[in-house]
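Per-entry structural report
Here's the letter readout for the chains.
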Amino acid sequence: MRLCTEKKILLPVLMASVLPLSSSCRKAESPNIILIYADDLGYGDVSCYGAKSILTPNIDRIARQGLQFSNAHCTSATSTPSRYSLLTGEYAWRRPGTGIAPGDAPSVIKAGRFTIASLLKSAGYTTAVIGKWHLGLGPEGGPDWNGEIRPGPMDLGFDYNFIMPATGDRVPCVFVENRNVLGLDPDDPIRVSFKEKIGSLPTGRENPELLKMHPSHGHDMTIINGISRIGYMTGGTSALWTDEDIADVITEKAVRYIKDNKNRPFFLYFATNDIHVPRVPHPRFAGKSGMGPRGDVILQFDWSVGEIIRTVEELDLSRKTLIIVTSDNGPVVDDGYRDQAVELLGDHKPAGPLRGGKYSAFDGGTRIMFIASWKGKIKPGKSDALFSQIDLMSSFASLTGQTIPAGEGPDSYNNLPVLLGKSRKDRSWLVEQSLNNRLSIIKGDWKYIEPGPGIRIMPETGTETGNDPEPQLYNLRRDIGEKNNVARENQSIVNELTELLQEIRNSAE
Ligand code: NG6
Ligand code: CA
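If you're wondering where the values come from, they're calculated on a predicted model, not measured in any experiment.

Comments concerning the pairing of strand β19 (residues 439–443)
In terms of residue burial, β19 counts as a mostly covered element, since four of its five residues are buried. Looking at chain direction, strand β18 (residues 430–433) and β19 are connected through four bridges and run antiparallel. Within β19, the position partnered with L430 by the bridge is I442. Counting the residues between successive antiparallel strands, the hairpin from β18 to β19 contains five residues, one of them, N436, with a positive phi of roughly 55°. Hairpin geometry of β19 and strand β20 (residues 446–449) is characterised by an intervening segment of two residues between the two adjacent antiparallel strands and by a positive phi of about 60° at G444.

Next comes the structure, spelled out in structure tokens:
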């Protein structure tokens, strides 16, 4: 079928350089799409992006076979908003309630909303999410862990889901498969609270002697598998995950999914638990990096990537499969557990040359590793084009010949030529979100961080937040480390970017 995809243009003048895509009409294709989404993996955490003290041979291999981006961005410096924008094509800061979701949050994306999964489903794909969800489940008031979990990914275009509801450090520590907690014994129901202690399970605060990994900040509530978490839970004993096995379990599910669906177009959103805290590698990776658990789970993530690409190759699907490897936000060293990440970091720079990290308005928070590979279609190489994950929705629409319904994906633009390496043209601008919804905007060489109150360094994590009561302007081409604020000398650029940001803010449908 030959279809024309014409994405509604919100800011025609501003986005003119991205659109239209060779008159927006191209032959629809339906490669399998595997989106591997790491958690908290830094720009400098993998060897093809310059890491010296840690080797990631599988990621390096896919980078050599594909296109390695040096100027790609997620939309936010934390998980839930980045994932929200990735899946909906809408900036999370436009929607209240899209901040870091608690473990019992209701579905953050309203059931029935158009997502990347529903887009690909309408293009005839079978779709799945395997791994970290962190976008809430169930109705207002939260999910019924002991009954049917609805709404969930299946109400957002995913035919299959095998997920961790929130994060590894939040209760409940169970997998959800489609609409149910996996392995739950009805006689041992799950209860969860983020307000007060419930049940009789020990907590990290009261029984630190029971811990195999101690918190450095927060994370002192219910102990599961020797690790105290955020939140309290009781029951569900037979359903609890074992942290050491999470990578194996979800990677095996992903591999099985690829094998089972090898004969039809599929979309697999494989969102790993690695390298988020608590960092608990399988024994075969423990101690292997020399950098403690944080380094070990980078090796584990690399292994997961290797299993996926090996499966694709063995099934002879490389020419039919677009694989993307990227991360939800930048790196953090101490994110709440005493796991030696700080002590054993050595010379390693998790954010590479970038300043800040997870939570931060500096590029360390939101410029991420991004690799796209598709044998025979994407010419191996490097791209320094300014690219945003939020454009995946419209780019996939263009690829598969689909139209995005009016009002959906308002911030997603068709950037397929850049994704496929046919163009190196920068996105006209992009917006980054950090803590407290502070926004930054990048346009060409310039990055502007809006002023506002707030702490400069997070005491718990040591992250430079990028918060400043003064406007900040950096020339990223000359100063990738955002060291010299040149706002005063370039008032007209500050004015231009302030206005542009305001215009974008006001441009919601
Ligand atoms: C923070 C947690 C942090 C991590 C983060 C979410 C504390 C003190 N810190 O609130 O450990 O869980 O939320 O990370 O509780 S994210 O990558 O999923 O956004
Ligand atoms: Ca994250």
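So that's the structure; there's more coming.
A few points about the site of ligand 1
The immediate surroundings of ligand 1 are formed by 19 residues, with S79, D169, R170, D335 and K358 found nearest. Interatomic distance of 3.1 Å between a side-chain N/O atom of D40 and an oxygen atom of ligand 1. Between D169 and ligand 1, the recorded distance is 2.7 Å, taken from a side-chain N or O atom to an oxygen atom. Here ligand 1 has 460 Å² of accessible area as a free molecule, and 84% of this is covered by the chains. For the shell around ligand 1, the per-class residue count stands at four nonpolar, eight polar and seven charged.

Some remarks on the domain arrangement of the protein
According to the domain assignment, the protein contains domain 1 (12–183 + 243–266 + 276–419), domain 2 (191–234) and domain 3 (430–506). Using only C-alpha atoms to locate each centre, domain 2 and domain 3 end up separated by 37 Å.

Concerning the confidence of the model for the protein
With 95% of its residues at a pLDDT of 70 or more, the protein shows a mean pLDDT of 95. Across residues 1–10, confidence stays below pLDDT 50; counting only partners more than four residues off in sequence or on other chains, it has 30 contacts. Contacts from residues 12–24, a stretch scored under 50 in pLDDT, to residues over four places away or in other chains number 29 contacts.

Re the side chain of E307
Along the chain, E307 falls in helix α5 (residues 292–314). One polar contact links E307 to R310, side chain to side chain, over a distance of 2.8 Å. Among all residues touching E307, those that are not within four sequence positions of it are T251 and V255.

Side note on the coordination of the calcium ion (ligand 2)
The calcium ion (ligand 2) binds to the protein through D39 (OD), D40 (OD), D328 (OD), D328 (OD) and N329 (OD1); the donor distances cover 2.2 to 2.8 Å. Of note is the calcium ion (ligand 2), whose six donor atoms meet at the metal with angles of 50 to 176° in an arrangement that counts as irregular. Counting residues between consecutive donors of the calcium ion (ligand 2) along the chain gives the motif D-D-x287-D-N. Of this pair, D40 sits in the loop between β3 (32–38) and α1 (57–65) while N329 sits in the loop between β14 (321–327) and β15 (367–373), and the two are 289 residues apart along the sequence. Considered together, D40 and N329 belong to a single accessibility category, that of buried residues.

Section: the pairing of β15
Burial within β15 is extensive, with seven of its seven residues counted as buried. One ladder, built from five bridges, connects strand β4 (residues 67–73) with β15; its direction is antiparallel. Paired with H73 across the bridge in β15 is R367.

Thresholds, definitions, all that
- Each chain has its residues counted from 1, running along the sequence as written.
- Whichever chain is written first is A, and whichever ligand is written first is 1; the rest continue in order.
- A pLDDT threshold of at least 70 governs which residues receive local features in this predicted model, and a stricter bar of 80 or more applies before side-chain atom pairs are shown or counted, although totals over entire chains, interfaces and linings include all residues.
- Only hydrogens and water are set aside; all other atoms, that is, all heavy atoms of the structure, feed into the side-chain values.
- When accessible area is computed with a 1.4 Å probe and restricted to protein chains, residues below 20% of their type maximum are described as buried, those above 50% as exposed, and intermediate ones as partly exposed.
- Note on conventions: DSSP H or I runs of at least 4 residues are helices, E runs of at least 2 residues are strands, and numbering of each starts at the N terminus.
- Each pair of strands is called paired provided DSSP finds at least two bridges between the two strands.
- For each residue, the test is whether any non-hydrogen atom lies within 4 Å of the molecule or strand; if one does, the residue is near.
- Throughout this description, a polar contact denotes any pair of N or O atoms lying within 3.5 Å of each other; where both atoms belong to protein, one of them has to be capable of donating a hydrogen while the other can accept it, and for residues adjacent in sequence the pair is counted only when both atoms sit in side chains.
- Values of accessible area rely on a 1.4 Å probe in the Shrake-Rupley scheme; residue burial ignores everything except the protein chains shown.
- Residues were grouped as follows: Ala, Val, Leu, Ile, Met, Phe, Trp, Tyr, Cys and Pro as nonpolar; Asp, Glu, Lys and Arg as charged; and all remaining residues, including Gly, as polar.
- All the domain ranges listed were derived from an automatic or database domain assignment.
- pLDDT measures how confident the predictor is about each residue, on a scale from 0 to 100.
- By the convention used here, residues are in contact when the closest approach between their heavy atoms is within 4.5 Å.
- Distances define the donors: N, O and S atoms within 2.8 Å of the metal qualify, as do those within 3.2 Å of Na, K or Ca. Water is excluded, so some sites may look unfinished.
- Between 85 and 135 degrees for all angles marks four donors as tetrahedral; over 155 degrees for opposite donors together with 65 to 115 for all other angles marks four donors as square planar and six as octahedral; every other arrangement is irregular.

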